[in-house]
Amino acid sequence: MKKKIVVKVQMNCEKCRVKAMKIAAGAAGVNSVAVEGDDKDKVVVVGDSVDAVYLVELLRKKVGHTTLLSVEEVKPKDDKPKETKQPSSTPGTFSEINQWQCVCATNCKPICPPYPQFIACETVCDQNPSLCTIM
């Protein structure tokens, strides 16, 4: 269970902020640390099974006066997988790399550059397979 812990720490300079962030980041189970607030005096810690009381004790010892403002559970985002529609490939038109289809009877292989993700090219073949071209 992820927790979001907001702690107000008395920090007067940038050196104190860096020190507070290092201490918070070194605590067990911490995933991310940020400084927020108008005066940049709030340390926001997000992590799994972070002990808020232990974190406040560490910050009090090392940095200065510390007040625990809030501890709340972070709810996971509902990332529903989006259904992607595969474009239908008609004979002679190609929608993705490695899905080449030849429309001639000799089943020749067209030549297209391999680097674009999505390309549209059309294979035009004569009865002679050595004359196969892409337009």
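For the structure, see preceding data.
As a starting point, this report considers the structure included with it. (Residues numbered from 1 in each chain as written. Predicted model: local features only at pLDDT ≥ 70, side-chain atom pairs only at ≥ 80, totals over all residues. Heavy atoms only, no water.)

Reading across the sheet, the four strands line up as S2-S3-S1-S4 and stay open at both edges, with antiparallel pairing between neighbours. Sheet topology places strand S2 (30–36) and strand S4 (66–73) at the edges, where each strand pairs with a single neighbour. Strand after strand, the sheet turns through a mean of 20 degrees between neighbouring axes, direction not considered. Summarising the sheet, strand S1 (residues 2–9) and S4 pair through seven bridges and their orientation is antiparallel. Paired with Lys 3 across the strands is Glu 73, a residue of S4. (Pairing = 2+ DSSP bridges. Helix = DSSP H or I, 4+ residues; strand = E, 2+ residues; numbered from the N terminus. Axes fitted to C-alpha atoms, helices over the stretch in contact; angles between N-to-C directions.)

In this section: the environment of Val 50. Positionally, Val 50 belongs in the loop between strand S3 (42–48) and helix H2 (52–62). For the pair Val 50 and Gly 29, spaced 21 residues apart in the sequence, the C-alpha separation amounts to 5.3 Å. Residues in contact with Val 50, not counting those within four places in the same chain, are Lys 3, Ile 5, Ala 28, Gly 29 and Val 30. (Contact = heavy atoms within 4.5 Å.)

With respect to the helices and strands, the residue Val 46 is situated in strand S3. Put simply, Val 46 and Lys 2 are 44 residues apart on the chain and 6.8 Å apart in space, counted from C-alpha to C-alpha. Every residue in contact with Val 46, bar those within four places of it in the chain, is listed here: Lys 3, Lys 4, Val 30, Asn 31, Ser 32 and Val 74.

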